[in-house]
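# Examination of the molecular architecture
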Amino acid sequence: MTDSTIVRDIIDDEDIDPKFVDTLVEAGADRIRTCIQCGTCSSVCPSGRRTAFRTREIIRKALLGLKEEVLTSPDLWLCATCLTCLERCPRQIKVTDAIIIMRNMAVEEGFMLPQHRKASRKLIKTGHAVPLDDANREMRRELGLQEIPPTTHSSGEALEQVQEIMRRTGFIDLIESTEESGQ
Amino acid sequence: MTESRTYSFFLGCVMPNRFPNVEKSIREVLPRIGIELEDLQGASCCPAPGVIRSFDEPTWLALASRNLALAEQAGHDIITGCNGCYGTFKETLAELHEHPERLAEVQRVFKGLGIKFTGNVDARHLIEVIYFDVGLDRIRELVKRPLRGLRVAVHYGCHLLKPSKNRPWRRTQRHRFLDELVEATGAESVQYRDKFMCCGAGGGVRGSNAPVSVDIAREKLDNMMAAGVDAVINVCSFCHLQFEFSQLQLNKELGENRYNLPVLYYTQLLGLALGLEPEQLGLHKHVISTEDLLSRILGQ
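Residues numbered from 1 in each chain as written. Chains lettered and ligands numbered in written order. Predicted model: local features only at pLDDT ≥ 70, side-chain atom pairs only at ≥ 80, totals over all residues. Heavy atoms only, no water.

## A closer look at the overall build of chain A
The test is simple: Only DSSP runs of H or I with at least four residues qualify as helices, and only runs of E with at least two residues qualify as strands; both kinds are numbered from the N terminus onward. To get the radius of gyration, use the C-alpha atoms; to get the globule rule, take the number of residues to the power 0.38 and multiply by 2.2 Å. When a residue's accessible area, from a 1.4 Å probe over protein chains only, is under 20% of the maximum for its type it is buried; when over 50% it is exposed; and in between it is partly exposed. Whether two residues touch is decided by their heavy atoms; if any such pair falls within 4.5 Å, the residues are in contact. Throughout, the Shrake-Rupley method with a 1.4 Å probe supplies accessible areas, and for residues the shown protein chains are the sole cover considered.
Secondary structure summary: chain A contains 10 helices and 0 strands in total. Taken over C-alpha atoms, the radius of gyration comes to 21 Å for chain A, far larger than the 16 Å a tight globule of 183 residues would show. In terms of principal-axis extent, the alpha carbons of chain A reach across some 70 × 40 × 35 Å. The 183 residues of chain A split such that 48% are buried. Taking contacts inside chain A between residues at least 6 apart in sequence as the whole, the part at least 24 apart equals 65%. Surface accessibility of chain A: about 9500 Å² in total, with carbon and sulfur atoms responsible for 48%.

## Observations concerning the overall build of chain B
Basically, it comes down to this: We count Lys and Arg on the positive side and Asp and Glu on the negative side, and we leave His and both chain ends out. Charged groups are reduced to one reference atom each: NZ for lysine, CZ for arginine, CG for aspartic acid, CD for glutamic acid.
In terms of regular secondary structure, chain B is built from 14 helices and 8 strands. At 19 Å, chain B has a C-alpha radius of gyration in line with the 19 Å of a compact globule built from 300 residues. Overall, chain B is about 60 × 45 × 35 Å in size when its C-alpha atoms are taken along their principal axes. For chain B, the proportion of its 300 residues judged to be buried stands at 66%. Contacts in chain B between residues far apart in sequence, at least 24 positions, make up 77% of those at least 6 positions apart. If the 35 positive side-chain charges of chain B are averaged to one point and the 36 negative ones to another, these points end up 1 Å apart.

## Brief notes about the pattern of salt bridges
Between side chains of opposite charge, a pair can form as their charged atoms come close. Definition in use: In the sections that follow, a salt bridge refers to a side-chain nitrogen of Lys or Arg positioned within 4 Å of a carboxyl oxygen of Asp or Glu.
The final tally for this structure, using the stated rule, is 38 salt bridges over all chains. A salt bridge links Arg167(A) to Glu164(A); the nearest nitrogen and oxygen atoms lie 2.8 Å apart. One end of the pair, Arg167(A), and the other, Glu164(A), are both in helix 9 (residues 156-168), 3 residues apart, so they sit about a helical turn from each other. Put simply, Arg218(B) and Asp222(B) hold a salt bridge, and the shortest N to O gap is 2.7 Å. Remark: Asp222(B) and Arg218(B) occur in helix 11 (residues 210-226); sequence separation between them is 4 residues, near one turn of the helix. Residue Arg218(B) is classed as partly exposed on the basis of its relative accessible area of 25%.

## Here we look at the sheet that holds strand 1 (residues 5-10) of chain B
Residues and elements named next belong to chain B. Our working definition: Whether two strands pair comes down to DSSP finding at least two bridges between them. Only the stretch in contact is used when fitting a helix axis, every axis being a line fitted to C-alpha atoms; angles between N-to-C directions are given from 0 to 180 degrees.
One open sheet holds the 4 strands; their spatial order is 2-1-3-4, and the pairing between them is parallel. Two strands lie at the open edges of the sheet, namely strand 2 (35-39) and strand 4 (123-125), each paired on one side alone. The sheet shows a mean angle of 45° between the axes of neighbouring strands, direction not considered. Sheet topology note: the strand 3 (residues 78-80)/strand 4 ladder contains 3 bridges and is parallel. By the bridge assignment for strand 4, Thr80 is matched with His125. The sheet strands contacting helix 5 (residues 83-98) are strand 1, strand 3 and strand 4, and the helix crosses strand 4 at an angle near 150°.

## With respect to the nonpolar core
Nonpolar side chains tend toward joint burial in soluble globular proteins. This is how the line gets drawn: Only buried Ala, Val, Leu, Ile, Met, Phe, Trp, Tyr and Cys residues count toward a nonpolar core, and they belong to the same one when joined by side-chain atoms within 4.5 Å.
Ranked by size, the top nonpolar core spans 100 residues in total, and within it Leu24(A), Met102(A), Phe171(A), Phe89(B), Phe117(B) and Met224(B) carry the most contacts. Among the elements that line this core, the one with the most residues is helix 4 (residues 57-74) of chain B, at 9 residues. Apart from the residues lying within four places of it in its own chain, the contact partners of Phe89(B) are Phe10(B), Cys46(B), Ala64(B), Asn67(B), Leu68(B), Ile78(B) and Ala123(B).

## Observations regarding the side chain of Arg145(B)
Residue and element names in this part refer to chain B. Keep this limit in mind: In protein, a polar contact requires one atom able to donate a hydrogen and another able to accept it; more generally it is a pair of N or O atoms within 3.5 Å, and residues adjacent in sequence count only if both atoms are side-chain atoms.
With respect to the secondary-structure elements, Arg145 resides in the loop between helix 8 (136-142) and strand 5 (151-155). For Arg145, the side chain forms a polar contact with the main-chain oxygen of Leu272, separated by 2.8 Å. A polar side-chain atom of Arg145 sits 3.1 Å from the main-chain carbonyl oxygen of Leu276. Every residue in contact with Arg145, bar those within four places of it in the chain, is listed here: Thr185, Leu272, Ala273, Gly275, Leu276, Glu277, Ile297 and Leu298.

## Considerations on helix 7 (residues 126-134) of chain B
Residues and elements named next belong to chain B. The element helix 7 is extensively covered by neighbouring structure, given that 7 of its 9 residues are classed as buried. Where helix 7 is concerned, the buried positions are Leu126, Ile127, Glu128, Val129, Ile130, Tyr131 and Val134. Positive backbone phi, at 90°, marks Gly135, one or two positions downstream of helix 7.

## A look at the interface of chain B and chain A
Let me state the cut-off plainly: By definition, the buried area sums, over both parts, the 1.4 Å-probe accessible area that each loses when the two are put together. The nonpolar class holds Ala, Val, Leu, Ile, Met, Phe, Trp, Tyr, Cys and Pro. Asp, Glu, Lys and Arg form the charged class, and all remaining residues, Gly among them, are polar.
Tallying the contact residues gives 67 residues for chain B and 57 residues for chain A. A combined buried area of about 5000 Å² lies between chain B and chain A, and 60% of that area is made up of carbon and sulfur atoms. It is Asn17(B), Arg18(B) and Phe55(B) that lose the most area in chain B upon contact with chain A, and together they represent 14% of the buried surface on that side. In this assembly, chain B and chain A are joined by 7 salt bridges. Two residues, Arg49(A) and Glu219(B), come together in a salt bridge whose shortest N-O distance is 2.3 Å. Linking chain B with chain A are 31 residue pairs in polar contact (both at pLDDT 80 or more). Elements that contribute at least two residues to the side of chain B that touches chain A include exactly helix 1 (14-18), helix 2 (20-29), helix 3 (52-55), helix 4, helix 6 (100-110), helix 10 (205-208) and helix 11 of chain B. Classifying every residue of the side of chain B that touches chain A by side-chain character gives 27 nonpolar, 21 polar and 19 charged.

## A short note on the pairing of strand 1 of chain B
As judged from the 5 bridges shared by strand 1 of chain B and strand 2 of chain B, these two strands associate in the parallel manner. Paired with Ser8(B) across the two strands is Glu38(B), which belongs to strand 2 of chain B.

## Observations regarding the sheet that holds strand 5 of chain B
All names here are of chain B. The 4 strands lie next to each other as 6-5-7-8, forming an open sheet whose pairing is parallel. The sheet is open, and its two borders are formed by strand 6 (188-189) and strand 8 (263-265), each paired with just one other strand. Alignment of strand 5 against strand 7 (residues 231-234), held across 4 bridges, turns out to be parallel. Residue pairing for strand 7: Ala153 is matched across the bridge by Val232.

## Observations regarding the domain arrangement of chain B
Residues and elements named next belong to chain B. The cut-off we apply is this: An automatic or database domain assignment provides the domain bounds reported here.
Here chain B is described as being made up of domain 1 (5-125) and domain 2 (135-299). Contact residues are listed per partner, giving 27 residues for domain 1 and 35 residues for domain 2. Buried surface at the junction of domain 1 and domain 2, summed over both partners, amounts to about 2400 Å²; 67% is from carbon and sulfur atoms. When the buried area of domain 1 at its contact with domain 2 is split by residue, Phe19, Asn21 and Asn83 rank highest and sum to 25% of it. For the pair domain 1 and domain 2, the number of links is 1 salt bridge. A salt bridge links Glu91 to Arg167; the nearest nitrogen and oxygen atoms lie 2.9 Å apart. For the side of domain 1 that touches domain 2, the class distribution of residues is 13 nonpolar, 8 polar and 6 charged.

This is the structure in structure tokens:
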């Protein structure tokens, strides 16, 4: 056995962005610095129960300023936003909010899962992340419901308004112009 | 509740576009217990708190505000039957009320679009209105077909209950209200392991990481089935989708029909107890067949 089998994970200065945690705090994860790494968040996580996703690890890395590592991590997208960690955190850190803030930052940097881009495109096109399909249109008719629901699906004017809002907030640009590759 | 009250019915995406049978049961049942529904014309996706909010929070806030504005203009509070939509509206309203600059930000986005919005509107989950305004006593009075002998697993979901600081329930954990509402129909709410655990659908996990998502649902289904229940009762269109579709997926993977637990939305269960016909409640349009369950209930 040679020394080369032992890989030491060394954090270089250049990996650390000291402003990262400030950004999280400003965006609403205001108590994140009080984390004591007790692991309550990981222990109640339904995704963590069956994967290597550890909420505590993400929070620790965020506190260390390992911005790139956190934002590029697929684990960030394993949170089902069940909010159990937020409820149970003994430091009352809004853990779920912190994850959502980091997801926003990841998307802004172009890290978006292809399925999520697809759902966003549906929202942009139809006003619904899960739009009506033929089978359900038929089921609505059979059930005696309005065949096309009274949503943006049945109002071009409403859809245009929704699309204009998404244009103004920059959502359309965000989805259409960020790199396709991402993660 | 002495008189009926009208709400703007917010449909969302999953209910009208994937489970119209659940929508049908809500439209049949709520007016019968004194809750009038008015369609919210031109509403969009809420938008989903786990996905769209995760991608671009300001867009989520603006679109949620537009939906709330439609109800404000109609002069009613929103009523929704989806925990995700409920979470979006509750968190949006809290954000706008706690940070007036966010309301101003939204109003700037709306400029010139003809949307009047002050934030003076509320959003309620239909189960909240049934529990607090209709009440258990009234439900018991209205029951014509008590569902005695029926053993069910209650699934609350997540955003209905949490964050507890911004929810109307008397407790922050170990809730009972849905168990009580189920028991008011004569059915028995059976205890099972990890009853308050997530269904696994939210946060964009179902869309992007189906194996993890379905495995969370499997664990819940296994726990329910171990308790020997006849059905799962839920109050969220996305949890409903998760339990219906995941059972199909699991059976396909296993190559056997192990998962056959009927998935009922609360208004479908209540509708049966009120004496409505299964077709009126869309119970003939389920992914997991309700046939055996119905013959037991109606055969009694």
